[in-house]
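# Structural description and commentary
Listed here are the chains, written in short residue letters.
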Amino acid sequence: MAPGFWSFLGSVYDMDTLDTRFTTPSTVAYRGKAAAAADKKDDQRSTAAQAQPSKWGTLEFYLYYLVVIVAIPAMLWYPYTVSRPSDPRYHKYEHLLDDGWIPGRKIDISDSQYHTTRVNLKYMAALILVHPLLRKLYNRICGTQETPQRPGVQPSPESAEVRMRDRVRFDFGFALVFLVILHGFSAAKVLLILTLNYKIATQLPKRMVPPATWVFNIVILLSNELCNGYKYRNIALLLSNTLGGDVASGSPALVQLGEWMDSHGGLISRWEILFNLTILRLISYNLDYYWSLDRRSSSPVEKKQLDPASLSERDRIYNPAPAGDYNFVSYVAYTIYAPLYLAGPIMTFNDYISQQRYRSATIETPRTVRYAIRFVVVVLTLEVLLHFNYVSAISKSNPDWRSYTPPQLSLLSLFNLFVVWLKLLLPWRFFRLWSLVDGIDPPENMVRCISNNYSTLSFWRGWHRSYYRWLLRYIYIPLGGSSFSTVRDAVRSIVTYLVVFTFVALWHDIKLNMVIWSWLIVAFFLPEIAAGLLFPKRNWTLQPTTYRMLCCVGGVANMFMMIAANLVGFAVGPDGLKSIIEGIFKDASGLTFLALSSAATFVGIQVMFEIRESEKKRGINLKC
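Residues numbered from 1 in each chain as written. Predicted model: local features only at pLDDT ≥ 70, side-chain atom pairs only at ≥ 80, totals over all residues. Heavy atoms only, no water.

Per an unreviewed UniProt entry, the protein chain carries the name MBOAT, membrane-bound O-acyltransferase family-domain-containing protein and comes from Lasiosphaeria hispida. Regarding the protein chain, the relevant UniProt record gives this comment under Subcellular location (unreviewed entry): "Membrane". Taken directly from UniProt, the Sequence similarities (unreviewed entry) text for the protein chain runs: "Belongs to the membrane-bound acyltransferase family." (UniProt positions renumbered as here; feature names shortened; annotations may be inferred.)

This is the structure:
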């Protein structure tokens, strides 16, 4: 193939394509491709100085390549062997499979979340085209044409204000229509919750805003689930009982009206399932507004003499918006911003308003096109995987896990996590792509492939990254962060972690599995933190290879712990994990597999180390 093709393919998988936040420090404003390339040279020199000499061409790594060549096909082969029609257990889950588009293979779309995404993908794709066109039509009808931001041209404050006003008004109007289409009559419930939360921020005494915000939103989070979305029929029955009627039958007309309204619940009648993300935006608005009250006397942008059209990401997030922007229209436009409403990524209110006023320089058409290509590749990857690996259908067929060999059971479980990762990656990438096309640049949620993680702490930074950043800003930092310098600080830090991850568990789902998963994550943080304190890198500067090997051994333990925690939370649950462990330790074959898989994992982590060293040579340090 032509060199140009390989160059383009390399640019598609460049970190800068995924998100410029990975290649530009959060305290530095991105100033366009050419300027960024010039700025990056200085950053590359300082970061590259920290990198170790390349090991890709050493004898050690040639041995690792041999292991990789054998291990990866084996990993693919074992799940495939139990996904063939010739497998004696195939008939138990065959009914869960659909006809595939690869000749001779069925496809496993038994996972309800991916099935919904797959069915609606064509409609979602149409939205990417229709939504920006409707915005342009709105601007034309209103007679205010948005002036595109051009490199080197400073937008006037007046044009920026017009841009923000028009975009927010359109987002507000589109949000109302979007809610009705999605949730039908339940849109009124969403708007009622939004209104109550807005009243908390703007009408309560200042000191009451943070506690009231947290109490209200946690109560809503729990009650949405426990009350099954507040069915209108149930409300009608409750009203009938209050008015003195029979609670069992209620007022026939009122109950029938409630049932009719419930039957017109839009495209997504169970609105409460997707409302968890909106909860995060409600909290973000209230706390951003609360913090802005202390900074009303002077504008931080003016005080620091910053260019409002070229703010760094940190400045966009931490500098409050002008007081007039904290109004109900902007609030609804932000919380129900269509491209990010259903699945995120999550961005703060301050960042949203800043980008509405000044288009981010990070949004460049060639980069957006490359990002779209990456999205298509993810879709094809998951589709091909589900044609040859029926792990979801097997899990749903009440299998006898004891009938599987340790390699089959372990790799089926691992591929279950791969499917979970890919099915979450799809909507996150799609909705971020829609947002980029619309002119808003939210954070990328997935930094690395699930197979490219060896640290529990780093994995948490890179998995659902926008949520991680939200937790830092609104929970972790206000609680004091973490420090293990003294016993008291260590205890406080552990409590902070438990509070953060208990919230994470309840936010995901009110299930025991998720609470166990969250506490396991905290438990698995502690050995890594302890190892970092006992074996600080500065003590091993004269023995870098020994230190790398020690870190790799710790990484192997970390990976097995992370796989176990995520299997409990997102796949097989505690009972399934117990079956896997029993299957591995019941005989010599299981122990042999454990030893071989540990050795293969060791090699994989060495490759991960070298990938990160190569990134440092290019001036990239993701810290995950």
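### A look at helix α5 (residues 112–142)
The terminal C-alpha atoms of α5, which comprises 31 residues, lie 42 Å apart, in line with the 45 Å expected from a rise of 1.5 Å per residue. Along α5, the sharpest change in direction is near 55° and occurs at Leu121. Listing the buried residues of α5 in full gives Tyr114, Thr117, Met124, Ile128, His131, Pro132, Arg135 and Asn139. Where α5 is buried, its residues contact α6 (157–183), α15 (338–341), α17 (365–388) and α19 (406–438). With a side-chain oxygen lying 3.1 Å from the backbone nitrogen of Gln113, the N-terminal cap of α5 falls on Asp111. (Helix = DSSP H or I, 4+ residues; strand = E, 2+ residues; numbered from the N terminus. Expected span 1.5 Å × (residues − 1). Bend = angle between axes of the 7 residues up to and from the residue. Buried < 20%, exposed > 50% of the residue type's maximum accessible area, 1.4 Å probe, protein only. Contact = heavy atoms within 4.5 Å. Polar contact = N/O pair within 3.5 Å; in protein donor to acceptor, adjacent residues only side chain to side chain.)

### Notes on the nonpolar core
Counting residues in each nonpolar core, the largest one holds 139 residues, and the members touching the most others are Phe275, Tyr467, Trp470, Leu471 and Phe503. Tallying contributions element by element places α19 first for this core, with 20 residues. The residues touching Trp470, leaving out its near neighbours within four places in the chain, are Trp214, Leu280, Ile283, Ser284, Ile346, Ile475 and Phe503. (Core = buried A, V, L, I, M, F, W, Y, C linked by side-chain atoms within 4.5 Å.)

### With respect to the packing of α6 against helix α7 (residues 187–203)
Between α6 and α7, the shortest axis-to-axis distance is 8 Å and the interhelical angle comes to 130°. Classed by the angle they form, the pair α6 and α7 counts as oblique. Of α7, the residues touching α6 (which contributes Leu176, Leu179, Val180 and His183) are Ala187, Val190 and Leu191. Taken together, the residues of the contact of α6 with α7 sort by class into six nonpolar, one polar and no charged. (Axes fitted to C-alpha atoms, helices over the stretch in contact; angles between N-to-C directions. Parallel < 35°, antiparallel > 145°, perpendicular 65-115°, else oblique. Nonpolar A, V, L, I, M, F, W, Y, C, P; charged D, E, K, R; others polar.)

### Overview of the pattern of salt bridges
Overall, the coordinates contain 29 salt bridges when judged by the stated rule. With its nearest N and O atoms 2.7 Å apart, the salt bridge here joins Arg118 to Glu383. Here the residue Arg118 occupies a position in helix α5, and Glu383 occupies one in helix α17, the gap between them amounting to 265 residues. Taking relative accessible area as the criterion, Arg118 reaches 29% and is therefore assigned partly exposed. Taking relative accessible area as the criterion, Glu383 reaches 6% and is therefore assigned buried. Residues Arg357 and Asp325 are paired through a salt bridge, measuring 2.9 Å at the closest nitrogen-oxygen approach. (Salt bridge = Lys/Arg side-chain N within 4 Å of Asp/Glu carboxyl O.)

### Focus: the packing of helix α4 (residues 59–81) against α19
Remark: α4 packs on α19, axes separated minimally by 9 Å, with the N-to-C direction vectors making an angle of 100°. Looking at the two axes, α4 sits roughly perpendicular to α19. Here Ala74, Met75, Leu76, Tyr78, Pro79 and Thr81 of α4 lie close against α19, whose contacting residues are Pro407, Gln408, Leu411, Leu412, Leu414 and Phe415. Looking at the contact of α4 with α19, its residues break down into 10 nonpolar, two polar and no charged.

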